[in-house]
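Residue strings, one per chain:
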Amino acid sequence: MPDPTTPEARTPAGLLDAALSADPAAPLVTFYDDATGERIELSAKTFANWVAKTANLLVDGLGMQPGDEVVLALPPHWQGAAWLFACWSAGLVAAPVGVPVAGGVAGAAVLVVSEPDLPRALESGAPEIVGLSLHALGGPLRDCPPGVTDYATEVRAYGDRFTPFEPVDPAASALRVRSVTLSGSEVTAETYSFVRNSGLTPAARVLTALSYSTLDDLLVGLLAPIAAGGSVIIQRNLDKVALERRISLEHVTAVAGVPGWDAPSGSAYWLP
């Protein structure tokens, strides 16, 4: 776990920087979609490259400025995790709301949605809409409506290194979940506290089916495992028949967001 007293560790983006510095080749994010049979494993370096490309798209392509809000109406997916860190890298406010698209886009500079939610997104009044195909092979949207940015098509043109114009202020707003806004330093403080209280170690392999639409979802299924030096497995369209075997094959240490595996509080069920 990075030293939480260092300046770079006081923003959520610093958690990814620390993982990248520790072991760029280590698996950081693994994704399963049991409806399509998809499995993708991203090392810290590959994941960071996608984060940088997305941050460059936000800043250079969409003209986002520090403090702008990006609403992420996405299902559990590795690209959703990359968008979160891209927002934090650029000093933007990430507002994950899960799906389907509903209220909560007022004041947002960008609305990010998966392809099925594009019709509703077009009625939201968001000034900028980005559509994600979530195609296993990185394909574009089947039908990109006018005024929508096709993420898969556009993001590849951007560099895989990102440097903000000025350092991200840890005291600036970084996350809005359910009408509660937290600064970057507050998010990381919550993360370090969770790591300490849960006993997470660098061996942590957390399988999550959570949507990242609450702070607890983010802590359990993304931020705390990464801060501890571990990794996450993001699960979509879970086939429960495959779960036991997946836990064994992937050396899973904890499961979150899967009925029957969660503790009564809704927190992660830590495997013995």
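Our subject is the structure listed above.
Throughout this document, residue positions are counted from 1 along each chain, in the order its sequence is written. Given that the model is predicted, a residue must reach a pLDDT of at least 70 before its local features are reported, and side-chain atom pairs must reach 80 or more before they are shown or counted; all residues, however, enter totals for whole chains, interfaces and linings. To obtain the side-chain values, all non-hydrogen atoms of the structure were used and water was disregarded.

Novice: Please provide a residue-by-residue account of the overall build of the protein chain, values included.
Specialist: Put simply, DSSP marks the helices as runs of H or I at least four residues long and the strands as runs of E at least two long, and each gets a number from the N terminus on. Of regular secondary structure, the protein chain possesses 8 helices and 13 strands. Here the protein chain has a C-alpha radius of gyration of 17 Å; the compact-globule value for 272 residues is 19 Å, and the two agree. In terms of overall dimensions, the protein chain has C-alpha extents of about 50 × 45 × 35 Å along its principal axes. With a 1.4 Å probe rolled over the protein chains alone, any residue whose accessible area is under 20% of its type maximum counts as buried; one over 50% counts as exposed, and the rest are partly exposed. Relative to its 272 residues, the protein chain shows a buried fraction of 54%. Contact between two residues is taken to exist if any of their heavy atoms lie within 4.5 Å; hydrogens are not considered. Put simply, of all contacts in the protein chain between residues at least 6 apart along the chain, 64% involve residues at least 24 apart. Residues scored as charged are limited to Lys and Arg (positive) and Asp and Glu (negative), so that His and the chain ends carry no count. Lysine's charge is taken at NZ, arginine's at CZ, aspartate's at CG and glutamate's at CD. Charge separation in the protein chain, taken as the distance between the mean sites of 16 positive and 29 negative side-chain charges, equals 5 Å. Radius of gyration here uses only the C-alpha atoms, and the compact-globule reference equals 2.2 Å multiplied by the residue count raised to the power 0.38.

Novice: Residues and numbers for the side chain of Asn56, please.
Specialist: Positionally, Asn56 belongs in helix α2 (residues 44-61). Nitrogen and oxygen atoms within 3.5 Å of one another constitute a polar contact, given that in protein one can donate a hydrogen and the other can accept it, and given that sequence-neighbouring residues count only through two side-chain atoms. A distance of 2.9 Å separates the side chain of Asn56 from the backbone oxygen of Arg161, its partner in a polar contact. When sequence neighbours within four positions are dropped, the list of residues in contact with Asn56 reads Gly61, Tyr158, Gly159, Arg161 and Phe162.

Novice: So what's going on with helix α7 (residues 215-227)? Which residues, and what values?
Specialist: Expected helix span is given by 1.5 Å per residue-to-residue step, counting one fewer step than there are residues. A rise of 1.5 Å per residue sets the reference length of α7, with its 13 residues, at 18 Å; its end C-alpha atoms lie only 15 Å apart and thus fall more than 12% short of the reference. Residue Gly221 marks the point of greatest curvature in α7, where the axis turns by about 35 degrees; the proline Pro225 follows within four residues. Burial of α7 is extensive: 12 of the 13 residues sit out of reach of the surface. All buried positions along α7 are accounted for by Leu215, Asp217, Leu218, Leu219, Val220, Gly221, Leu222, Leu223, Ala224, Pro225, Ile226 and Ala227. Gly229 lies just past α7 and shows a positive phi near 95 degrees. Bend at a given residue is defined as the angle between two axes, one fitted to the seven residues that end at that position and one fitted to the seven that begin there.

Novice: Can you explain the pairing of strand β5 (residues 110-114)? Please cite residues and give values.
Specialist: Burial of β5 is extensive: 5 of the 5 residues sit out of reach of the surface. Side chains Val110, Val112 and Ser114 of β5 all project onto a buried face; the interleaved residues Leu111 and Val113 project onto the opposite face, where all are buried too. The sheet contact formed by strand β3 (residues 69-73) and β5 spans 4 bridges and is parallel. Its bridge partner lying in β5, Val70 is registered against Val110. Two strands are counted as paired when DSSP detects at least two bridges linking them.

Novice: Before we move on, could you go through the packing of aromatic side chains and cite the residues and values that matter?
Specialist: Pairing of aromatic side chains here covers Phe, Tyr and the six-membered ring of Trp, requires ring centres within 6.5 Å, and sorts the geometry by plane angle: under 30 degrees stacked, over 60 edge-to-face, intermediate tilted. Counted by the stated rule, this structure contains 4 aromatic pairs. Seen in terms of ring centroids, Trp50 and Trp78 are 5.3 Å apart; in terms of plane orientation they differ by 70 degrees. Their pairing is edge-to-face. Taken together, the residues Trp50 in helix α2 and Trp78 in helix α3 (residues 78-89) connect sequence positions 28 residues apart. Overall, the relative accessible area of 5% leaves Trp78 in the buried class. Consider the rings of Phe85 and Trp88, whose centres lie 5.3 Å apart with planes at 90 degrees: the pair is edge-to-face. One end of the pair, Phe85, and the other, Trp88, are both in helix α3, 3 residues apart, so they sit about a helical turn from each other. We note that Phe85, like Trp88, is buried. Taken together, the aromatic side chains of Phe47, Phe85 and Trp88 make up a single cluster linked through ring pairs. Two conditions define a charge located above a ring, namely a distance within 6 Å from the ring centre to NZ of Lys or CZ of Arg, and an angle within 35 degrees of the ring normal. Residue placement shows Arg246 over the ring face of Tyr32; its charged tip is 3.8 Å from the ring centre.

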